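The lines below spell out each chain.
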Amino acid sequence: GAVVSQHPSRVICKSGTSVKIECRSLDFQATTMFWYRQFPKKSLMLMATSNEGSKATYEQGVEKDKFLINHASLTLSTLTVTSAHPEDSSFYICSAVGTSGQETQYFGPGTRLLVL
Amino acid sequence: AQKITQTQPGMFVQEKEAVTLDCTYDTSDPSYGLFWYKQPSSGEMIFLIYQGSYDQQNATEGRYSLNFQKARKSANLVISASQLGDSAMYFCAMRGALNTGKLIFGQGTTLQVKP
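A quick note: this is a predicted structure, and the numbers were derived from the prediction, not measured.

**Student:** Any chance you could break down a nonpolar patch on the surface for me, citing the residues and the numbers?
**Tutor:** Residue and element names in this part refer to chain A. There is a patch of nonpolar side chains on the surface, built from Ile12, Leu114 and Leu116 and spanning about 320 Å² of accessible area. For Ile12, the position within the fold is in strand β2 (residues 10–13). Overall, Ile12 belongs to the exposed group, its relative accessible area being 59%.

**Student:** Describe the side chain of Asp29(B), listing the residues and the values that go with them.
**Tutor:** Residue and element names in this part refer to chain B. Along the chain, Asp29 falls in the loop between β4 (24–26) and β5 (32–39). As a buried residue without a salt bridge, Asp29 has its nearest oppositely charged side chain in Arg95, at a separation of 9.0 Å. A distance of 2.9 Å separates polar atoms of two side chains, one belonging to Asp29 and the other to Gln2.

**Student:** Quick one: what's the story with the sheet that holds strand β8 (residues 76–81) of chain A, residue by residue and with numbers?
**Tutor:** All names here are of chain A. Across the sheet, which stays open at both edges, the four strands sit in the order β1-β3-β8-β7 with antiparallel pairing between neighbours. Sheet topology places β1 (4–7) and β7 (67–73) at the edges, where each strand pairs with a single neighbour. Geometrically, the sheet is characterised by an average inter-axis angle of 15° between neighbouring strands, direction not taken into account. Pairing of β1 with strand β3 (residues 19–25) involves four bridges; the strand directions are antiparallel. Residue pairing in the sheet places Ser5 in a bridge with Arg24 of β3.

**Student:** I'd like a description of the pattern of salt bridges, backed by residues and values.
**Tutor:** With the rule as written, the count across this model stands at five salt bridges over all chains. A salt bridge links Asp88(A) to Lys66(A); the nearest nitrogen and oxygen atoms lie 2.7 Å apart. Of the two residues, Asp88(A) sits in the loop between β8 and β9 (90–97) while Lys66(A) sits in the loop between β6 (57–58) and β7, which places them 22 residues apart along the sequence. By the burial criterion, Asp88(A) is buried, and Lys66(A) matches it. Taking the shortest distance from any N to any O, the salt bridge between Lys73(B) and Asp26(B) comes out at 3.2 Å. With Lys73(B) in the loop between β8 (64–69) and β9 (74–79) and Asp26(B) in strand β4, this residue pair connects regions lying 47 residues apart in the sequence. Its relative accessible area of 30% is what places Lys73(B) among the partly exposed residues.

**Student:** Break down the pairing of strand β11 (residues 111–115) of chain A for me, with residues and values.
**Tutor:** Residues and elements named next belong to chain A. Of the two faces of β11, only the one carrying Thr111, Leu113 and Val115 is buried; Arg112 and Leu114 on the other face are not. Two strands pair when backbone bridges link them, and β2 and β11 are joined in this way by four bridges, in the parallel orientation. Directly across from Ile12, in β11, lies its bridge partner Leu114.

**Student:** So, the packing of aromatic side chains: which residues are in play, and what are the values?
**Tutor:** When we look at a pair of aromatic rings, we describe it by the centre distance and by the angle of the planes. This model, assessed by the stated rule, comprises 13 aromatic pairs over all chains. Summarising the aromatic geometry, the rings of Tyr36(A) and Phe107(A) are spaced 5.5 Å apart at their centres and angled 40° between planes, so their arrangement reads as tilted. Of the two residues, Tyr36(A) is situated in strand β4 (residues 32–38) and Phe107(A) in strand β10 (residues 106–107); the sequence distance between them amounts to 71 residues. With a centroid separation of 6.1 Å and 75° between ring planes, the pair formed by Tyr106(A) and Phe47(B) is classed as edge-to-face. Taken together, the residues Tyr106(A) in strand β10 and Phe47(B) in strand β6 (residues 46–52) connect one chain to another. On the basis of relative accessible area, Tyr106(A) is assigned to the partly exposed category, the value being 22%. Site record: aromatic cluster; members linked through ring pairs are Tyr36(A), Tyr106(A), Phe107(A), Phe35(B), Tyr37(B), Phe47(B), Tyr50(B), Phe91(B) and Phe105(B).

Parameters and conventions
Residues numbered from 1 in each chain as written. Chains lettered and ligands numbered in written order. Predicted model: local features only at pLDDT ≥ 70, side-chain atom pairs only at ≥ 80, totals over all residues. Heavy atoms only, no water. Patch = residues over 30% accessible without salt bridge, like charges linked within 9 Å, V, L, I, M, F, W, Y side chains within 5 Å. Areas by Shrake-Rupley, 256 points an atom, 1.4 Å probe, with all protein chains shown as cover. Salt bridge = Lys/Arg side-chain N within 4 Å of Asp/Glu carboxyl O. Helix = DSSP H or I, 4+ residues; strand = E, 2+ residues; numbered from the N terminus. Buried < 20%, exposed > 50% of the residue type's maximum accessible area, 1.4 Å probe, protein only. Lys, Arg positive; Asp, Glu negative; His and termini not counted. Polar contact = N/O pair within 3.5 Å; in protein donor to acceptor, adjacent residues only side chain to side chain. Pairing = 2+ DSSP bridges. Axes fitted to C-alpha atoms, helices over the stretch in contact; angles between N-to-C directions. Phe/Tyr/Trp six-rings, centres within 6.5 Å; stacked < 30°, edge-to-face > 60°.

Function cannot be read off these values alone, since they describe shape.
Written as structure tokens, this is what we have:
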């Protein structure tokens, strides 16, 4: 299957700071990437859909000013958690889809964020 | 609205036996896709198998097979010859034809394989 990387794998930060998470498709071009959040033992919650060259589409209830998404190229999308607070601590995972949009989503390994 | 339901929060299976993980779905889209992913404790989501709504045959990938019953709107995952490494959380997901490739996930089933 296709390879998606995510960096960093773990991050601990102080409350009030911003954290950037990168998602890269390594061996294919991804016009669309998705960002999910997952709490322990729970399902994945879609936060936003990131399309290359355009603004991200956020799901209802997700603050776009809090979770900034930039899809700068066909292989890179970034999620920035701005002014992080302890309640933002979670597992964030991205996925990428090939150019047709109807292909299998391949997931990155995820990022564990802990805000102190 | 689309919905995916996994009614088994946890399952146990003896090593080398087969196990079925249940998944039912609801959609008004005439064309849709169904996926199963495995999530071990490390957190990565591993794609296992895909079934298209118009596929005539049930999908199979090695020890994984999908028991697709369209009239009953079910897409159960069957794992044959369970191995200790199969212990993980399993998610069923659906993609509709009318959206932009978004997946709707079920609640997940935690599978534990006993030696």
